[in-house]
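Given next are the chains, with one letter for each unit.
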Amino acid sequence: MVRQSPDKDVDESDLSVTTPKQWAAGIPGVAVSLKRSVEQMGVVRTAKTLRLLNQRDGFDCPGCAWPEPGHRHAAEFCENGAKAVAEEATKRRVGPEFFAEHAVADLAERTDYWLGGQGRLTHPMVLREGGTHYEPISWDDAFTLVAERLRALSTPDEAVFYTSGRTSNEAAFLYQLLVRSFGTNNLPDCSNMCHESSGAALSETTGVGKGSVSLADFELADLIIVVGQNPGTNHPRMLTALEKAKRAGAQIIAVNPLPEAGLMRFKNPQNVRGVLGKGTELADEFCQIRIGGDQALFQAIGNLLLAWEAANPGTVVDQDFVDNRTIGFAEYAESVRELDWDVVVAATGMAREQIEKVARMMADSKRTIVCWAMGLTQHKHSVPTIREIANVVLLRGMIGKPGAGLCPVRGHSNVQGDRTMGIWEKMPEKFLSALETEFGIEVPRTHGHDTVSAIRAMRDGNAKVFVAVGGNFAAATPDTEVTEAALRSCDLTVQVSTKLNRSHVVHGRTALILPTRGRTERDTQESGDQFVTVEDSMSVVHRSEGRLDPASEHLRSEVDIVCGIADALLGPGHPVPWTDFPRDYDLIRERISRVVPGCESYNERVREPDGFVLPHAPRDAREFTGTRSGKAAFTANELTVPFVPEGRLLLQTLRSHDQYNTTIYGLDDRYRGIKDARRVVLVNPDDLTALGFEDGQLVDLIGEWPDRERRAERFRVVSYPTARGCAAAYFPEANSLVPLDSTADTSNTPTSKSIVIRLEGTTPPAAP
Ligand SMILES: Nc1nc2c(c(=O)[nH]1)N[C@H]1C(S)=C(S)[C@@H](COP(=O)(O)OP(=O)(O)OC[C@H]3O[C@@H](n4cnc5c(=O)[nH]c(N)nc54)[C@H](O)[C@@H]3O)O[C@H]1N2
Ligand SMILES: Nc1nc2c(c(=O)[nH]1)N[C@H]1C(S)=C(S)[C@@H](COP(=O)(O)OP(=O)(O)OC[C@H]3O[C@@H](n4cnc5c(=O)[nH]c(N)nc54)[C@H](O)[C@@H]3O)O[C@H]1N2
Ligand SMILES: [Mo]
């Protein structure tokens, strides 16, 4: 099978399907990563780049937020990390000639795969009102243009400032400072669509919206539960941690509607056993849950644990912990005392015996870690689901001790750091007043727009300027048609980017592309080469320094760009010394150390070989000072079970093995056995029979909503062993089906993992 190049647009007729893989990584993983890297970077650049990836003297992988171990391999990266690097370090370029050749309207017809494949952006470009092509613009003129449009707004709240989670701590800190100095808290970020539900549930129950484990805990745990996460594709280096845990005697439970290869068996390419042998079996227990059934599962587990405690007092509940460190136990116990097993079995699709087995494993475990990702955070009832996990962890006292804890596994490599630095539409008062004291400025207190409310504001004409540092807002957000219209209605859209994407071709009346240096690239400023800092999923803050020559001499760093806009907008008289910061990033870190809690002596501590770990009271001292009561909080949550009418399926939108969010690397999903197609919908064979569809048939996916139907056209049906009643399609192709108003309670995260759809045949079934 010949690999399709990005020049060829996606054509669903090329699809080929083989049986899903039972194991992840191994030699094919290494081979694919090297092949892609050499294709994009050539041999010499590949060798140089991969040698620096995730090393102490190198740069942080722009892939996921999984932490680096203390003892590093020479090759401390995974197949998908190597792909992420190749994507940035590519030798292909998108310069002024490219834009002169391609009208924006033509580019808008292309897929994200094609756009991303064109290479790195090299010059600042402007699309003037009524223009057909982007044209070059000088940096100074670009900054002046942004400043003029922002100043022309009737209030700063008419501007929206988005961030994606690749931005360094230094750039993020200055960006929120710029936005708040200007006078708004409109700081939506990708986290609003990602782990917001985890943050909301954890800050309420433990007082810190972050995970409570460190990498070392994985080697000490005797039970690891991986819920709603596909680490083989999205956090491949986590498989190494799971393998080590397994070898040290831990058991693993995987809870997922799909039998993901990475959860079943791992062939570690870093050792001989993984290369030559059968690899390590990972999951001891695979719970094939129905989409959205996790709250029912964890309520049932809570019910069983409490029943066993009642039968044998002192054997299951960590009474000392519950009595001294928590509140709300009685109400919680009451809420799960009466359980309707018929409802639980229907919601989970699991046998009662399996739920009992899993609960027994938890009761027998001395050190349990629960990990999760998007399979839990993107449902209407995500926050109560994660609270329910916190409940069972608390009743067993599995937090704040070695080998145990809560582990939301973050996505973007610095999404957690951006939050720490103040990228949030509702930062706490303490942070805001520290900013005011440090800089002698006044910042607004009214909460700003998150991602969903920002789209509403643009749609309704209440926001007119949209600025994004990174990301691909047009493609990553829900309700594609609505979001694209909202962006097009803006006076000005500004994208600070490394690569061309959909957000450059779905633009406001005037549009700017400001090209920036990436993680892999050298950042030379007046005081010499600069490094930046990032925070991983386990609160470790460390430095990252790129070494490649920048893709073009015209690129500026994100810090430079933010300060350039700030200087043009706020003027030389502003109390923040905007023009000083880009000269020497230590000056930014000095300010961070005085404003951001836990970052004292930042400049010294990030220079330690492995950086430093941010404080986390529950992890460090079993203290819960961040909650309202000062204790960990049990919660009583009403059970929600997604309602799926007769003849309909519950659709989740997820990532293939060949993409990084909206960046498409290729058209294969190797572990799932899918080749050369992205417009596919995975459906259980029994559901296909029941609904009267056939494997390979072409269908439209239709979401039925009170306001109107949403239709995603021409998807190929793939008969696949997903849980009954469930379906899966790739993000972002299926985003048009997620209504803007369908969001999680409390966190307002789009419900990208639970959309009721019906299939509609567009052609007769394919000939056998
Ligand atoms: N290579 C690569 N790496 C990435 C990314 C990427 O796109 N490519 N993206 C990064 C980002 S930003 C993020 S947030 C993470 C995402 O990492 P993941 O959360 O692993 O990403 P998804 O592909 O959305 O996979 C969700 C998983 O949850 C399962 N699931 C869906 N619904 C349910 C449910 O109701 N219950 C349960 N128990 N499981 C469910 C799906 O079957 C799937 O296995 O990865 C990061 N790393
Ligand atoms: N239906 C559905 N929708 C989803 C999800 C889902 O599972 N299903 N997942 C959600 C999640 S978890 C997330 S995190 C969001 C992701 O949303 P985003 O973070 O907005 O999207 P990305 O695709 O990661 O952004 C890719 C773009 O970032 C730019 N870029 C890359 N590196 C850099 C850099 O170093 N600096 C700058 N300035 N730009 C850079 C490039 O131009 C690239 O095209 O999508 C969300 N949307
Ligand atoms: Mo994410």
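What you see is a predicted model; the values in this text were computed from it and never measured. (Residues numbered from 1 in each chain as written. Chains lettered and ligands numbered in written order. Predicted model: local features only at pLDDT ≥ 70, side-chain atom pairs only at ≥ 80, totals over all residues. Heavy atoms only, no water.)

A. Main features of the overall build of the protein chain. Regarding its fold elements, the protein chain presents 31 helices and 33 strands. Dimensions along the principal axes, computed over C-alpha positions, put the protein chain at roughly 75 × 65 × 55 Å. Considering the protein chain as a whole, with its 768 residues, one finds that 64% of them fall into the buried category. Considering only contacts within the protein chain whose residues lie at least 6 apart along the sequence, 78% involve residues at least 24 apart. (Helix = DSSP H or I, 4+ residues; strand = E, 2+ residues; numbered from the N terminus. Buried < 20%, exposed > 50% of the residue type's maximum accessible area, 1.4 Å probe, protein only. Contact = heavy atoms within 4.5 Å.)

B. View of the site of ligand 1. Around ligand 1 lies a shell of 32 residues, among which Asn256, Glu260, Asp294, Gln659 and Asn661 are the nearest. Interatomic distance of 3.3 Å between a backbone N/O atom of Gly228 and an oxygen atom of ligand 1. Glu260 places a side-chain nitrogen or oxygen 2.6 Å from an oxygen atom of ligand 1. Look at ligand 1: alone it shows 920 Å² of surface, and the protein chains cover 99% of it. Counting residues per element, the ones that place at least two in the shell around ligand 1 are α10 (231–234), α19 (374–377), β25 (649–654) and β26 (659–660). By residue class, the composition of the shell around ligand 1 is twelve nonpolar, 16 polar and four charged. When residues are assigned to domains, the shell around ligand 1 turns out to be shared by domain 2 (196–409) and domain 3 (645–761), each giving three or more. (Near = heavy atom within 4 Å. Polar contact = N/O pair within 3.5 Å; in protein donor to acceptor, adjacent residues only side chain to side chain. Areas by Shrake-Rupley, 256 points an atom, 1.4 Å probe, with all protein chains shown as cover. Nonpolar A, V, L, I, M, F, W, Y, C, P; charged D, E, K, R; others polar. Domains from an automatic or database assignment.)

C. Looking closely at unusual backbone geometry. Pro732 follows Phe731 through a cis peptide bond whose omega is 5°. Mapped onto the secondary structure, Pro732 falls in the loop between β32 (726–730) and β33 (755–761). Of note, the phi angle at Asn54 is positive, near 60°, even though the residue is not glycine. Within the secondary structure, Asn54 is located in the loop between α1 (27–52) and α2 (79–89). A positive phi angle is found at Asp479, which is not glycine, with a value near 50°. Tracing the chain through its elements places Asp479 in the loop between α24 (473–476) and α25 (480–488).

D. Region of the structure containing the site of ligand 2. Taken together, 30 residues lie around ligand 2, and Tyr162, Ser164, Ala476, Glu558 and Thr662 are the ones closest in. One of the side-chain nitrogen or oxygen atoms of Tyr162 is found 2.6 Å away from an oxygen atom of ligand 2. Gly471 is positioned such that a nitrogen or oxygen atom in its backbone is 3.1 Å from an oxygen atom of ligand 2. Computed on the free molecule, ligand 2 has an accessible area of 930 Å², of which 96% lies beneath the protein chains in the complex. The residue makeup of the shell around ligand 2 includes at least three contributed by each of domain 1 (115–190 + 414–610) and domain 3 (645–761).

E. Structural view of the pattern of salt bridges. Scanning all chains against the criterion turns up 53 salt bridges. Here Glu429 makes a salt bridge to Arg445, at a shortest N to O gap of 2.6 Å. Of this pair, Glu429 sits in helix α22 (residues 429–439) while Arg445 sits in the loop between α22 and α23 (451–459), and the two are 16 residues apart along the sequence. Residue class for Glu429 comes out partly exposed when judged on its relative accessible area of 45%. Residue Asp700 is joined to Arg711 by a salt bridge in which the shortest nitrogen-to-oxygen separation is 2.9 Å. You can see Asp700 sitting in strand β30 (residues 698–704) and its partner Arg711 sitting in strand β31 (residues 709–719), a full eleven residues away along the chain. One network of salt bridges, in which partners are shared, links Arg648, Asp700, Glu704, Glu709, Arg711, Arg758 and Glu760. (Salt bridge = Lys/Arg side-chain N within 4 Å of Asp/Glu carboxyl O.)

F. How the structure looks around the packing of α23 against α25. It is the contact of α23 with α25, at a shortest axis distance of 8 Å, that shows an interaxial angle of 55°. By the criterion of interaxial angle, the relationship of α23 to α25 is oblique. As α23 packs across α25, the resulting crossing turns out to be left-handed. Residues Ile455, Met458 and Arg459 of α23 form the contact with α25, whose participating residues are Val482, Thr483, Ala486 and Leu487. Here the residues of the contact of α23 with α25 are counted per class, giving five nonpolar, one polar and one charged. (Axes fitted to C-alpha atoms, helices over the stretch in contact; angles between N-to-C directions. Parallel < 35°, antiparallel > 145°, perpendicular 65-115°, else oblique. Left-handed = near helix turned anticlockwise from the far one by under 90°.)

G. Focus on empty space enclosed by the protein. Counted according to the given criterion, the structure contains four cavities of 30 Å³ or more. Computed from the structure, the second largest cavity encloses a volume of approximately 60 Å³. Every residue along the wall of the second largest cavity is listed here: Asn54, Gln55, Arg56, Gly58, Phe59, Asp60, Glu68, Arg72, His542, Arg543 and Pro609. When the residues that make up the lining of the second largest cavity are grouped by side-chain class, the tally is two nonpolar, four polar and five charged. (1 Å grid on protein atoms, 1.4 Å probe; cavity = no way out; pocket = protein on both sides within 12 Å on 5 of 7 lines; lining within 4 Å. Points joined across faces, edges and corners; volume = space filled by probe spheres on them.)

H. Structural view of the packing of helix α14 (residues 294–311) against helix α18 (residues 352–364). At a closest axis distance of 9 Å, the pairing of α14 and α18 adopts a crossing angle of 60°. As summarised for this structure, α14 and α18 are arranged oblique, according to the angle between their axes. Every pair of crossing elements has a handedness; the one defined by α14 and α18 is right-handed. Where α14 approaches α18, its residues Leu297, Ala300, Ile301, Leu304, Leu305 and Trp308 are matched on the opposing element by Ile355, Glu356, Val358, Ala359, Arg360, Met362 and Ala363.

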